[in-house]
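Remarks on the overall topology
Now for the letters of each chain:
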Amino acid sequence: MTQAPTPTADTVRRLVRSLLNESTGRNAGRAGGPDVRPVGEDHEHTWWVGTQQVLRLAPDRDASARRRRELRLRDLVRPHVPVTVPVSVAHGDWAPGLAYTLDTVVPGGTADEHDVSAVGEADLAGLLGGLRAVPVRQAEALGVPRTAPRSLDALRRMAVQAAERLATADEFDAARLHLTPPGAAQLAAQHGTAVLTHHGLIGEHVVVSADGRVRGVLDWTEAALGDPAEDIAGLAVAVGSPAAVRAATLAGYGPRPCLRGLWLARCDTVLRLAGHLEGRAPGSLTLLRSRLRRAWEPILLERVTDFKDEDDTPP
């Protein structure tokens with residue numbers, strides 16, 4: 001397999017200059033080209049273009065396929081959700097078979113930088129409810145894949161071992177992971193509940209303004225048809241468990257998917273922090289600790305233990 005080229009500032013500047021020339025019909029790059037700079041050290045394929053646009057370069061063919069599907073998916077999602085879904089002003093290939101999208105920047109910070117207000121929780125509820133309303137068949141026709149629900153019990157078993165290692169490192173109280181096998185079984189995903197999920201609602205993908213409103217959601221390349229608890233779990237890590245559960249409840253989800261999402265998030269954050277400390281997972285230690293703290297914030301709903309015959313199937 002031919003190795004993909006590494007994008008440089010000159011690569012990006014030439015690409016953007018050609019796009020500007022195409023849009024204006026004249027030599028827009030005569031003064032040296034646009035101001036371009038990488039978004040960050042961990043995002044070598046994502047570049048700011050001035051202050052109003054962001055250029056995302058797919059590093060391989062699989063990512064290119066997801067990036068092209070994302071263009072169509074965002075158009076499908078946009079009418080259903082109350083937050084901004086990025087708009088692409090240009091797209092194509094930046095290298096043979098490797099896609100790019102030039103998107104308009106969604107103004108605001110991230111959920112890692114700003115707390116979500118009560119009104120922001122209503123924005124998140126609108127997001128979850130809107131995703132629930134997207135016709136599954138239409139998303140599937142765009143090539144959005146179906147994903148099977150994860151086994152919470154299998155995840156719990158791995159997390160228990162990781163929690164013990166974190167306890168040894170004085171990073172976590174392993175006794176907090178009190179989810180039992182019967183409890184995990186009770187929180188198994190229910191049949192017939194598959195919806196469109198963003199499947200990547202980490203803090204950097206949730207755009208939050210200084211007043212706590214949720215203004216947009218970025219990067220829809222990992223979207224899948226599957227377990228709605230995955231997005232609840234993502235929000236628990238991004239904005240904290242209480243806010244995530246309140247938003248999901250406001251969106252019409254009952255205790256079962258809310259608690260399932262909560263425990264998915266808790267087990268995931270324990271495993272990721274342990275993996276990082278053991279040298280098996282990348283990322284910022286400070287950020288991983290912060291995400292674990294958010295996921296483990298207590299909520300009153302944890303006292304609910306009897307789900308009876310509750311129906312959480314989307315209408």
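The structure reproduced in this document is the subject of the present report. As the structure is a prediction and not an experimental result, all values here were calculated from the model.

**Some thoughts on the pairing of strand 3 (residues 53-57)**
A large share of strand 3 lies buried, amounting to 4 of its 5 residues. In terms of strand pairing, strand 2 (residues 46-49) meets strand 3 through 4 bridges, oriented antiparallel. By the bridge assignment, W47 is partnered in strand 3 with L55. Taking the residues that link successive antiparallel strands as the turn, the strand 2-strand 3 hairpin has 3 residues, and the phi of G50 there is positive, at about 65°. One ladder, built from 5 bridges, connects strand 3 with strand 5 (residues 98-104); its direction is antiparallel. Note that in strand 5 the partner of Q53 across the bridge is T104.

**So, the sheet that holds strand 6 (residues 109-110)**
Strand order in the open sheet formed by 3 strands is 6-8-9, and the pairing between neighbours is antiparallel. Each having just a single partner strand, strand 6 and strand 9 (214-217) make up the two edges of the open sheet. Note that strand 8 (residues 206-208) and strand 9 share 3 bridges and pair antiparallel. Bridge assignment links V207 to a residue of strand 9, and that residue is G216.

**Section: the state of the cysteines**
Under the defined criterion, the tally for this structure stands at 0 disulfides. Considering cysteine sulfurs only, C267 is the nearest to C258, which forms no disulfide, with 17 Å between them. When its relative accessible area of 0% is taken as the criterion, C258 is described as buried.

**A short note on the environment of W47**
Note that W47 resides in strand 2. Along the sequence, W47 and R150 sit 103 residues apart, while their C-alpha atoms lie 34 Å from each other. Discounting chain neighbours no more than four positions away, the residues touching W47 are P7, T8, A9, V12, V36, R37, P38, V39, Q53, V54, L55 and L57.

**Details of the packing of helix 3 (residues 118-133) against helix 8 (residues 241-250)**
The interhelical angle for the contact between helix 3 and helix 8, taken along N-to-C directions, is 55°, at an axis separation of 8 Å. Here helix 8 runs oblique to helix 3, going by the angle between their axes. Every pair of crossing elements has a handedness; the one defined by helix 3 and helix 8 is right-handed. Residues E121, A122, L124, A125 and L128 of helix 3 lie in contact with helix 8, whose contacting residues are A243, R246, A247, A248 and L250. Looking at the contact of helix 3 with helix 8, its residues break down into 8 nonpolar, no polar and 2 charged.

**Observations regarding the packing of aromatic side chains**
In the structure shown here, the tally under the stated rule is 2 aromatic pairs. Taken together, a centroid distance of 5.6 Å and an interplanar angle of 90° make the contact between W263 and W296 edge-to-face. With W263 in helix 9 (residues 255-277) and W296 in the segment after helix 10 (285-295), the pair connects residues that are 33 residues apart, well separated along the chain. Judged by its relative accessible area of 4%, W296 is buried. The rings of F172, W263 and W296 are connected pair by pair, giving a single aromatic cluster. Above the ring of Y253, the side-chain terminus of R132 is found at 4.0 Å from the ring centroid. Note that R266 overlies the ring of W263, its terminal NZ or CZ placed 5.0 Å from the centroid.

**Concerning the pattern of salt bridges**
For the coordinates displayed, the defined rule picks out 23 salt bridges. For the salt bridge of D103 with R74, the shortest nitrogen-to-oxygen distance reads 3.0 Å. One end of the pair, D103, is in strand 5; the other, R74, is in helix 2 (residues 61-77), and 29 residues separate them in sequence. Comparing D103 with R74 shows no difference in burial state: the two are buried.

**Quick notes on the sheet that holds strand 4 (residues 88-95)**
Two modes of strand pairing occur in sheets, parallel and antiparallel, and in both the strands are linked by backbone hydrogen bonds. Pairing within the open sheet is antiparallel, and its 5 strands lie in the order 1-2-3-5-4. Among the strands making up the open sheet, the edge pair consists of strand 1 (36-38) and strand 4. Ignoring strand direction, the axes of neighbouring strands in this sheet form an average angle of 25°. Together, strand 3, strand 4 and strand 5 form the strand contacts of helix 2, whose direction differs from that of strand 5 by roughly 40°.

Rules used throughout
Sequence order sets the numbering: in each chain, residues are counted from 1 along the sequence as written. The predicted origin of the model limits local features to residues at a pLDDT of at least 70 and limits the giving and counting of side-chain atom pairs to 80 or more, whereas totals for whole chains, interfaces and linings rest on all residues. Each side-chain value is worked out from all heavy atoms of the structure, with water and hydrogens disregarded. Summary of the burial criterion: residues with accessible area below 20% of their type's maximum are buried, those above 50% are exposed, and those between are partly exposed, where the area comes from a 1.4 Å probe applied to protein chains only. Secondary structure elements follow DSSP: runs of H or I of four or more residues count as helices, runs of E of two or more count as strands, with numbering from the N terminus. Two strands pair if DSSP finds at least two bridges between them. Cysteine sulfur atoms that come within 2.5 Å of each other are treated as a disulfide pair. The contact criterion used throughout is that any non-hydrogen atoms of two residues lie within 4.5 Å. Convention adopted: a line fitted to C-alpha atoms gives each axis, helices being fitted over their contacting stretch, and angles between N-to-C directions are expressed from 0 to 180 degrees. Just so you know how the angles are binned, under 35 degrees is roughly parallel, over 145 roughly antiparallel, 65 to 115 roughly perpendicular, and the rest oblique. For any pair of crossing helices, the crossing counts as left-handed if the nearer helix is rotated counterclockwise from the farther one by less than a right angle, and right-handed if it is rotated clockwise. Three classes are used, and their members are as follows: Ala, Val, Leu, Ile, Met, Phe, Trp, Tyr, Cys and Pro are nonpolar, Asp, Glu, Lys and Arg are charged, and the others, Gly among them, are polar. To pair, rings of Phe, Tyr and Trp, with the six-membered ring standing in for Trp, must have centres within 6.5 Å; the planes then decide the type, stacked if under 30 degrees apart, edge-to-face if over 60, and tilted in the middle. Either the NZ atom of lysine or the CZ atom of arginine qualifies as a charge over a ring when it sits within 6 Å of the ring centre and within 35 degrees of the ring normal. Criterion for a salt bridge: a side-chain nitrogen of Lys or Arg within 4 Å of a carboxyl oxygen of Asp or Glu.

No statement about biological role is implied by the geometric values presented.
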